Amino acid sequence: MQDLVDELDLELVHALQLNPRASWTVLARALGIDPVTVARRWERLRGAGLAWTFCVPGPVTRGGLLRMLYVELECEPGGLDAAIEHLAAQPQVIYLHHTTGSRSLLAAVAVADLPAASAYTRQLLDHTPGVRAQHAELLLTTYGEASRWRLGTLEPAQQQTLRTEPAVPDEPLLQLDATDQRLIRALIDDARLPCTELADRIGVSEPTARRRLNRLIGAGRVRLRCEIAQPVSGWPVTAVLWCRLPPAQLDAAARSVAGLPEIRLSIGLTGPDNLMLIAWLRDPAQLPELEAALATRFPQLSLSRHALVLRTVKHLGRMLNGQGLAASSVPVDIWQPEPGGS
């Protein structure tokens, strides 16, 4: 599948990882080609499900801190497909992975607060067909997230032309209102929506849409991202590692681990396995090499267990097909009521 993209395609994706809303002119200047070619290449990548842009909401919703649950599920014999279908359709399920091991599903679930987390986990087994057991842990700290991961195909000088100063909001953002929520929903589908189209979708003027977008970005309520289909990224294998670190050493070690090129996500969780890592690898055989490197560089780190992802089913706003390409855009709405909630 690597033949579906060339080096210029990968450079374009890297450029959009650095600046997801960069104009065709700015992108063309960084890549050394004309804007029409840039636009045509992006539309081909996006149309084929090879790359897409979206936004990650957070960290604040409903006036409180957005919480993330990482839920592992054990399925009954023959129950895997039904469980996948049910979970993938839920707007709060942000990511869904089919993994090796007895806990064959890993779901990242966005909840508004701790009572919502309680409601979700209490009713998960009752509402999810094919599941016989669940194991949920709450995210405590994010040390490194996927929005910071880069393909690494651009030269430093090219990267510099794409960096922008963070937007400074012209007014404080105290609470998200219904218009902000509609704007975030629209950007989850496509972070490159022109402000004119964004304004039409959310029912405001173009200057208001632009101002609200800058305010959300500046306040850290949204992070814009460009993602590439993993099979064509050069890093086609996902590994999940559950680790343990002494609490006094967790912060420093977890932040250092997050700087490794393979690591896409480094997060602190509740429970005895207080550090979870998600890595992109070039080959399954690289997993023992990564584990050996972790053991050498971080002797205080103890690896509890690991799993390989057999298939990523849902990736924030996108359903992925069996080849790992974006097949459709699906609703991601963290403001919908939790199961059984009001």
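Residues numbered from 1 in each chain as written. Predicted model: local features only at pLDDT ≥ 70, side-chain atom pairs only at ≥ 80, totals over all residues. Heavy atoms only, no water.

(A) Geometry of the overall build of the protein. The secondary structure content of the protein amounts to 11 helices and 14 strands. Relative to the 2.2 N^0.38 estimate, which gives 20 Å for 342 residues, the radius of gyration of the protein is 20 Å and therefore close to what a compact globule would have. Seen through its C-alpha atoms, the protein measures out along the principal axes to roughly 50 × 50 × 45 Å. The buried share among the 342 residues of the protein stands at 54%. (Helix = DSSP H or I, 4+ residues; strand = E, 2+ residues; numbered from the N terminus. Rg over C-alpha atoms; globule rule 2.2 N^0.38 Å. Buried < 20%, exposed > 50% of the residue type's maximum accessible area, 1.4 Å probe, protein only.)

(B) A look at the packing of helix α1 (residues 7–18) against helix α3 (residues 35–47). As a packed pair, α1 and α3 sit with axes 11 Å apart at the nearest point and diverge in direction by 90°. Judged by the angle between their axes, α1 and α3 are roughly perpendicular. Seen from α1, the contacting residues are L8, D9, L12, V13 and L16; seen from α3, they are V38, R41, W42, R44 and L45. Residue classes in the contact of α1 with α3 are distributed as 7 nonpolar, no polar and 3 charged. (Axes fitted to C-alpha atoms, helices over the stretch in contact; angles between N-to-C directions. Parallel < 35°, antiparallel > 145°, perpendicular 65-115°, else oblique. Contact = heavy atoms within 4.5 Å. Nonpolar A, V, L, I, M, F, W, Y, C, P; charged D, E, K, R; others polar.)

(C) Representation of the packing of aromatic side chains. Per the counting criterion, the structure on display carries 0 aromatic pairs. Its end group placed over the ring of W24, R192 keeps NZ or CZ at 4.3 Å from the ring centre. Here the basic side chain of R282 rests over the ring of W235, its NZ or CZ set 3.9 Å away from the ring centre. (Phe/Tyr/Trp six-rings, centres within 6.5 Å; stacked < 30°, edge-to-face > 60°. Lys NZ or Arg CZ within 6 Å of the ring centre and 35° of its normal.)

(D) Structural detail: the packing of helix α7 (residues 178–189) against helix α9 (residues 206–218). Contact geometry of α7 with α9 gives a least axis separation of 11 Å together with a crossing angle of 80°. Looking at the two axes, α7 sits roughly perpendicular to α9. Facing T179, D180, L183, I184 and L187 of α7, the residues of α9 in contact are A209, R212, L213, R215 and L216. Tallied by class, the residues present in the contact of α7 with α9 amount to 6 nonpolar, 1 polar and 3 charged.

(E) Region of interest: the pattern of salt bridges. Under the definition given, this model contains 19 salt bridges. In this structure, the salt-bridge partner of R44 is D9, at a minimum N-O distance of 2.6 Å. Taken together, the residues span a long stretch of sequence, with R44 in helix α3 and D9 in helix α1 at a distance of 35 residues. The class of D9 is buried, set by a relative accessible area of 2%. Residues R201 and E197 are paired through a salt bridge, measuring 3.3 Å at the closest nitrogen-oxygen approach. With a gap of 4 residues between them, R201 and E197 both fall in helix α8 (residues 195–202), about one helical turn apart. Residue classification places R201 among the partly exposed positions, given a relative accessible area of 42%. Taking relative accessible area as the criterion, E197 reaches 34% and is therefore assigned partly exposed. (Salt bridge = Lys/Arg side-chain N within 4 Å of Asp/Glu carboxyl O.)

(F) How the structure looks around the nonpolar core. Ranked by size, the top nonpolar core spans 70 residues in total, and within it L12, L27, L45, Y70, L162 and M276 carry the most contacts. Here this core gets 7 residues from one element, more than from any other, and that element is α1. Apart from the residues lying within four places of it in its own chain, the contact partners of L45 are V5, D9, L12, V13, L50 and A51. (Core = buried A, V, L, I, M, F, W, Y, C linked by side-chain atoms within 4.5 Å.)

(G) Highlighting the environment of T100. Among the structural elements, T100 can be located in the loop between β5 (93–99) and β6 (105–111). Residues T100 and L308 lie 208 residues apart in sequence; the distance between their C-alpha atoms is 5.6 Å.

(H) How the structure looks around empty space enclosed by the protein. All told, the structure shown has 1 cavity of 30 Å³ or more when counted by the stated rule. Empty space within the largest cavity amounts to approximately 50 Å³. By residue number, the principal contributor to the lining of the largest cavity is strand β8 (residues 222–228), which donates 3 residues. (1 Å grid on protein atoms, 1.4 Å probe; cavity = no way out; pocket = protein on both sides within 12 Å on 5 of 7 lines; lining within 4 Å. Points joined across faces, edges and corners; volume = space filled by probe spheres on them.)

(I) Spotlight on α3. Between its terminal C-alpha atoms α3 stretches 18 Å, which fits the 18 Å expected from 13 residues at 1.5 Å a residue. Of the positions making up α3, those classed as buried are T37, V38, A39, W42 and L45. Buried residues belonging to α3 abut α1, α2 (24–31), β1 (51–57) and β8. The backbone nitrogen of V36 lies 3.1 Å from a side-chain oxygen of the residue at the head of α3, namely D34. Positive phi appears at G49, one or two residues downstream of α3, with a value of about 75°. (Expected span 1.5 Å × (residues − 1). Polar contact = N/O pair within 3.5 Å; in protein donor to acceptor, adjacent residues only side chain to side chain.)

(J) The side chain of E11, seen in detail. The residue E11 is located in helix α1 in this model. Of the buried charged residues, E11 lacks a salt bridge, with R41 as the closest side chain of opposite charge at 8.7 Å. (Lys, Arg positive; Asp, Glu negative; His and termini not counted.)

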